Amino acid sequence: EKKRVAGQNYYFVGHGAIINEEMRGQFHNYLKFFFFENMRLFLRKPFSNVFLKSYFLHPAAYKAACQHIYQIYPSVQFPEVPKDTKSIYAACFEDLEVFDKEHPYCFAYDLKTFDHHAEQVRKRAFEQAETDEHVQFFMKNNPDFYRGWSLNTLAPFTLENFLKTSQRYWTHQFKASH
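Everything in this summary refers to the structure shown in the same document. (Residues numbered from 1 in each chain as written. Predicted model: local features only at pLDDT ≥ 70, side-chain atom pairs only at ≥ 80, totals over all residues. Heavy atoms only, no water.)

## Here's the deal with the pairing of strand S3 (residues 49–56)
Logical step 1: Among the 8 residues in S3, 7 count as buried, and that is most of the element.
Logical step 2: With 6 bridges connecting them, S3 and strand S6 (residues 149–156) associate as antiparallel partners. Among the inter-strand pairings, tyrosine 55 is bridged to a residue of S6, identified as asparagine 152. (Buried < 20%, exposed > 50% of the residue type's maximum accessible area, 1.4 Å probe, protein only. Helix = DSSP H or I, 4+ residues; strand = E, 2+ residues; numbered from the N terminus. Pairing = 2+ DSSP bridges.)

Here it is in structure tokens:
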């Protein structure tokens, strides 16, 4: 998806909604998409402004993304979208309904998504939030996630982000195998 912001072209590559924690076993597909799409676009358009956009409806999926992707907005490491990126973020998600002014990164995605097990999802998230800063951040910025609101993020496709994300991913893979 291509949009023009402040006279410049920006490309947004979406991976769709990351809805539930069952995605945990398939999260490598999300990272593979990040790596391959980044490399493909970097080789084709080395000076382009490209961002991965994601819609997180579950704290476990958001936590996994933040543990692997170095630069993702918003996150514990980057709690606010940087000033120079705010207009880009706004353009990326301009067609979506914002939750309220206190939660500017929370959008209506599918308000029926979690109806059938909302209380169970919410209870488990509160348990995880006791020990995990990513889950705490997710719940603070998306208080009604269990009702189908999403926390929308951007991750810039930059060489720095690609290299640091690769390092995090392979470090995690190495630790998991030993």
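## So, the packing of helix H2 (residues 59–68) against helix H6 (residues 159–177)
Logical step 1: Two numbers describe how H2 lies on H6: the axes approach to 8 Å, and their chain directions differ by 110°. With respect to each other, H2 and H6 are oriented roughly perpendicular. Residue-level inspection shows Cys66, Gln67 and His68 of H2 in contact with H6, the latter providing Thr165, Arg168, Tyr169 and His172.
Logical step 2: Looking at the contact of H2 with H6 residue by residue, the classes come out as 2 nonpolar, 4 polar and 1 charged. (Axes fitted to C-alpha atoms, helices over the stretch in contact; angles between N-to-C directions. Parallel < 35°, antiparallel > 145°, perpendicular 65-115°, else oblique. Contact = heavy atoms within 4.5 Å. Nonpolar A, V, L, I, M, F, W, Y, C, P; charged D, E, K, R; others polar.)

## Looking at the pairing of strand S5 (residues 103–108)
Logical step 1: Burial within S5 is extensive, with 5 of its 6 residues counted as buried.
Logical step 2: Bridging between strand S4 (residues 98–100) and S5 involves 2 bridges; their strand directions are antiparallel. Bridge pairing links valine 98 to phenylalanine 107 in S5.
Logical step 3: The antiparallel pairing of S4 with S5 creates a hairpin that spans 2 residues between the two strands.
Logical step 4: Across 3 bridges, the pairing between S5 and S6 is antiparallel.

## Observations regarding unusual backbone geometry
Logical step 1: Cis peptide bonds are those with omega within 30 degrees of zero, and the linkage from tyrosine 73 to proline 74 qualifies with -15°.
Logical step 2: By the secondary structure assignment, proline 74 is in the loop between H2 and helix H3 (86–92).
Logical step 3: In this structure, alanine 6 is a non-glycine residue whose phi angle is positive, near 50°.
Logical step 4: Position of alanine 6 among the secondary structure elements: in the loop between strand S1 (2–5) and strand S2 (8–18).

## Details of the packing of aromatic side chains
Logical step 1: Counted under the stated rule, the structure contains 14 aromatic pairs.
Logical step 2: Feature note: the residues Tyr55, Tyr89, Phe93, Tyr105 and Phe107 constitute an aromatic cluster, connected by ring pairs. (Phe/Tyr/Trp six-rings, centres within 6.5 Å; stacked < 30°, edge-to-face > 60°.)

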